[in-house]
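The chain contents come next:
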Amino acid sequence: MTSTHGDVDVGHLGWTQVLGEHDERLWERTDAIHTGHRPGFDVHVLVIGDNSSLIAHALTLDMARAFPRLCLDHIDGPADLPRYNASLGPSDHVALGIITSEVQDIDSALADTESMPILAMTRWMVVTDRDTHSDLTRATTKDLITSIVTVPWTVPLLIGQSYSTMVRHMQGEGRTRDQIISLIGHPPAEAVQGPLLEGLGISERRVVLDLLAGVERVLGHRPRLTVPPGTQLVTQGERVSAVHLVLDGDVSLHRDSARGEVLAHHASSGPLIGLVSLARGESAFFTGVTTSPTTLVRLTTEQLQIVLANNPSIGSTLTALAIRSLTRRLMRAEDLHLQNAMLAEDLEAQKTHLAEALEDLRNTRAQLVERAKFAMLGELSAGIAHELNNPVTALVRAAEHVGEDADRLLKGSPELASARVAMEQALTQAPRSTARDRELVRTILPEVGEDRNLARRLVRLGVETPEEARAVLAGSGRDLESIEAGARLGASLRSVIAASQRVITLTHSLKGYARPDADEKRPLSVAEGIEDVLRLTNHRLRGIDVERDYADVPEIIGHPAKLQQVWTNLLVNAAEALEGEGQIGEGAHIDVIVRSVSVECSGKWIEVIIADNGPGIAPELIDKIFEPHFTTKAGRVRFGLGMGMSIVQSIVSDHSGTLTIDSRPGCTRISVRLPIDLAGESGGLAGGSGGLVGESGGSTGGSGGLVRDFDGSTGGSGGLAGELNLPPPT
């Protein structure tokens, strides 16, 4: 039917009503912005479009005529949505929205409605004359669109889709069927009111029986076949000539794979076996085998054709049954796919865990190997200690007897009294710092005619005042030689006794490694221990200027032998750093400082600093020097096991002390702090139990140095700038 509206041919738009004067009034009445809503009508249908394409006008009229019980509203575009929303009251419902392609950006327009409570629940029909749309992506994602109708439309189909959409909207609001009919009227003939296919909403068993009843109405009674478990109904790869309608029992579906036969379906196989392959005229995709006593009906291809030809309605039931069976299999397949994906993720996680466990196992094995080595080393150490202990003890006793005999001999000769005094002083004199020696040399230098060598000889003999120097020089040259001989004898005896005791303590330490609890702690002088070590390691320090600076510090509680091992390792490392790969260079220097420091909240400490002016330690190696068997000496261990710093760390930690390394080219300073009070011994001091703590800014020297605090972080700048520049005690 074709009609005209002004100069426009509207027949092609597809509406069936002829526009007239009454229609213009109807169009004006539906103008929600200017005319308002129909009084007493709470259920609305909104049309958005400015009729620029002659769509909105005709669409509004068709809808208004089809649903006279509703309030048909139209607005020109999204700009009117706020005013339209404001015109709605709490009792209003927009059961359907229709938006035309006259709106340029439909996605944007529908996005505006999401903030409007009444319109937010509305679903939309799109009526369009465009061939393509790129402005429906968001609406599709959010499922805002109920249908898309093209121009020209068919009025009955438009009304049918609109009615169905409004019914779903009202059902969502909880309205009954009678309430819906009272509001929008009875459904038109084109409205979709039932499921897509009959039979999808009833039980599978009922569908099977309906299908069988339909078949038997055409073919007569079909014999029931009872088969035992294991009966093969279809075989993978073989042609299917009949379908099996399973009335009772279970059938499993299998497929052969590269890994053997795989069960694909069991409970999900459904009651119709072979239909898909039969319909496609292809070989069976699965092998179907009964897994329990099964009752079934066999239908050949010809019988199905006869049934469908004589009773076409059975096709719908057969389709419904096929869809249900395929849906079950599809869902099973999707579940299997999901399970496979999850299993794959679990497998990856397990692989990661296994890799970690394997790495842990390797580390544990390496640790066990190391422990086995240490156990063997402990056995060897214990044996060596046992063998050394007796002869060295005899050596100490012999040295003591030699000293007693020498003292007895010197005591019997008055002219050798000075030599005896010098020997006793050499045996018992407390360690003296280099600065003190220099001071004494300067003090007595005028008394010896500015002979610096003679002054040094006298200072080494224990002379500390000009009066003592004059007294020594007042005697003959032979007296000076006798005094020096006595001093050398005392120093030698002291060295022999110290060395022997050192060996004894080392043997005790070796025993301690095998039996750690054997060596008890006792009060000790840190400076005396360092002096003994300097004496014993003199051969390693030859050519190096060693500067001592010992403050008057109290004794601490500790293991003498273990701490001497610490000083030995640190001094030997410093000497080797100065030596490099060859000769010790000119100006090689080591500072040994002992002082007391107070740290807030952690009491008093004794700090031992051993610093050298060697090349320093590379920053990337600072963390590794405490690892067993690691060495910076050209990547290999030359003189030991590479355990020195590891042992130092362990011993300092055992004494509740801390160790800090501050290193940069030209200066490496290692600071060991040991608690003075017993509280620190038990780890009660803050920061004392870990053995290693950071000391950022431990030096006020220049920048560029490296302070490693051994908790994995690198401290700020600091270090020594050419000479020791220590921070004042806090």
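First, a word on what this report is: a plain description of the structure on this page.

1. Observations concerning the pattern of salt bridges
Part 1 of the reasoning: One pass over the structure, following the stated rule, counts 22 salt bridges.
Part 2 of the reasoning: Between Arg-436 and Glu-439 there is a salt bridge whose closest N-O contact spans 3.5 Å. Of this pair, Arg-436 and Glu-439 are both found in helix H14 (residues 434–444), three residues apart, which corresponds to roughly one turn of the helix.
Part 3 of the reasoning: Look at Arg-436 and you get partly exposed, because its relative accessible area is 31%.
Part 4 of the reasoning: For Glu-439, a relative accessible area of 38% translates into the label partly exposed.

2. Things to note about the nonpolar core
Part 1 of the reasoning: Counting 40 residues, the largest nonpolar core has Val-526, Ile-530, Trp-567, Leu-570 and Ile-590 as the members making the most contacts within it.
Part 2 of the reasoning: Counting only elements with at least two residues in this core, the list comes to helix H18 (526–536), strand E17 (545–550), helix H19 (560–579), strand E19 (589–599), strand E20 (603–612), helix H20 (644–654), strand E21 (658–664) and strand E22 (667–675).
Part 3 of the reasoning: At eight residues, H19 tops the list of elements feeding residues into this core.
Part 4 of the reasoning: Non-local contacts of Leu-570, meaning those with residues more than four positions away in its chain, are made with Ile-610, Met-645, Val-648, Ile-670 and Val-672.
Part 5 of the reasoning: Core analysis: the next-biggest nonpolar cluster, separate from the first, contains 33 residues, Trp-27, Val-43, Val-127 and Val-149 among them.

3. With respect to the sheet that holds strand E13 (residues 272–273)
Part 1 of the reasoning: As summarised here, the arrangement of the four strands in space is E8-E15-E10-E13, forming an open sheet in which the pairing is antiparallel. Because the sheet does not close on itself, it has two edges, and the strands there are strand E8 (225–227) and E13.
Part 2 of the reasoning: Across three bridges, the pairing between E8 and strand E15 (residues 294–300) is antiparallel. Each bridged residue has a counterpart across the sheet, and for Leu-225 the counterpart in E15 is Leu-296.
Part 3 of the reasoning: Packing of helix H9 (residues 204–219) onto the sheet brings it into contact with strand E10 (242–248) and E15, and relative to E10 it is tilted by some 125°.
Part 4 of the reasoning: Contacting E10 and E15, helix H11 (residues 301–310) runs over the sheet at an angle of about 75° to E15.

4. So, the pairing of E21
Part 1 of the reasoning: Most of E21 is tucked away: seven of the seven residues are buried.
Part 2 of the reasoning: Residues Thr-658, Thr-660, Asp-662 and Arg-664 point to one face of E21 and Leu-659, Ile-661 and Ser-663 to the other, with burial holding for every one of them.
Part 3 of the reasoning: As paired strands, E21 and E22 are joined by seven bridges and run antiparallel to one another. By the bridge assignment for E22, Asp-662 is matched with Arg-669.
Part 4 of the reasoning: Between E21 and the antiparallel strand that follows it, E22, lie two residues; Gly-666 among them carries a positive phi value of about 95°.

5. So, the side chain of Glu-607
Part 1 of the reasoning: Looking at the element boundaries, Glu-607 is found in strand E20.
Part 2 of the reasoning: Among the polar contacts listed, one links the side chain of Glu-607 to the side chain of Arg-595, at a separation of 2.5 Å.
Part 3 of the reasoning: Only 2.7 Å separates the side chain of Glu-607 from the side chain of Ser-671, close enough to count as a polar contact.

6. Considering unusual backbone geometry
Part 1 of the reasoning: In the segment running from Val-151 into Pro-152, the intervening peptide bond is cis, with an omega of 0°.
Part 2 of the reasoning: A positive phi is found at Ser-656, a non-glycine position, where the angle reads about 60°.
Part 3 of the reasoning: Of note, Ser-656 is situated in the loop between H20 and E21.

7. Quick look at the layout of surface pockets
Part 1 of the reasoning: The calculated volume of the second largest pocket comes to roughly 1,300 Å³.
Part 2 of the reasoning: Residue lining of the second largest pocket: 36 residues in total, with Arg-432, Asp-437, Arg-460, Glu-531 and Arg-548 positioned closest to the centre.
Part 3 of the reasoning: Elements with a minimum of two residues in the lining of the second largest pocket: helix H13 (417–428), H14, helix H15 (452–460), helix H17 (477–514), H18 and E17.
Part 4 of the reasoning: The element that contributes the greatest number of residues to the lining of the second largest pocket is H17, accounting for seven residues.
Part 5 of the reasoning: Here the residues of the lining of the second largest pocket sort into 13 nonpolar, eight polar and 15 charged.

8. Remarks on the side chain of Thr-434
Part 1 of the reasoning: Residue placement: Thr-434 occurs in helix H14.
Part 2 of the reasoning: Here Thr-434 is in contact with Val-546, Glu-547 and Arg-548, once residues within four sequence places are set aside.

9. Considering a nonpolar patch on the surface
Part 1 of the reasoning: There is a patch of nonpolar side chains on the surface, built from Met-376, Leu-377, Leu-380, Ile-384 and Leu-388 and spanning about 450 Å² of accessible area.
Part 2 of the reasoning: Here Leu-388 shows up in helix H12 (residues 314–411).

10. Overview of the sheet that holds strand E11 (residues 251–257)
Part 1 of the reasoning: The strand order across the open sheet formed by four strands is E9-E14-E11-E12, and the pairing between neighbours is antiparallel. Among the strands making up the open sheet, the edge pair consists of strand E9 (232–234) and strand E12 (260–265). Sheet twist, expressed as the average angle between the axes of neighbouring strands with direction ignored, equals 35°.
Part 2 of the reasoning: Taken together, the two bridges between E9 and strand E14 (residues 287–290) define a ladder with antiparallel strand orientation. The residue bridging Gln-232 from the neighbouring strand is Val-289, located in E14.

Cut-offs applied
Residues numbered from 1 in each chain as written. Predicted model: local features only at pLDDT ≥ 70, side-chain atom pairs only at ≥ 80, totals over all residues. Heavy atoms only, no water. Salt bridge = Lys/Arg side-chain N within 4 Å of Asp/Glu carboxyl O. Helix = DSSP H or I, 4+ residues; strand = E, 2+ residues; numbered from the N terminus. Buried < 20%, exposed > 50% of the residue type's maximum accessible area, 1.4 Å probe, protein only. Core = buried A, V, L, I, M, F, W, Y, C linked by side-chain atoms within 4.5 Å. Contact = heavy atoms within 4.5 Å. Pairing = 2+ DSSP bridges. Axes fitted to C-alpha atoms, helices over the stretch in contact; angles between N-to-C directions. Polar contact = N/O pair within 3.5 Å; in protein donor to acceptor, adjacent residues only side chain to side chain. 1 Å grid on protein atoms, 1.4 Å probe; cavity = no way out; pocket = protein on both sides within 12 Å on 5 of 7 lines; lining within 4 Å. Points joined across faces, edges and corners; volume = space filled by probe spheres on them. Nonpolar A, V, L, I, M, F, W, Y, C, P; charged D, E, K, R; others polar. Patch = residues over 30% accessible without salt bridge, like charges linked within 9 Å, V, L, I, M, F, W, Y side chains within 5 Å. Areas by Shrake-Rupley, 256 points an atom, 1.4 Å probe, with all protein chains shown as cover.

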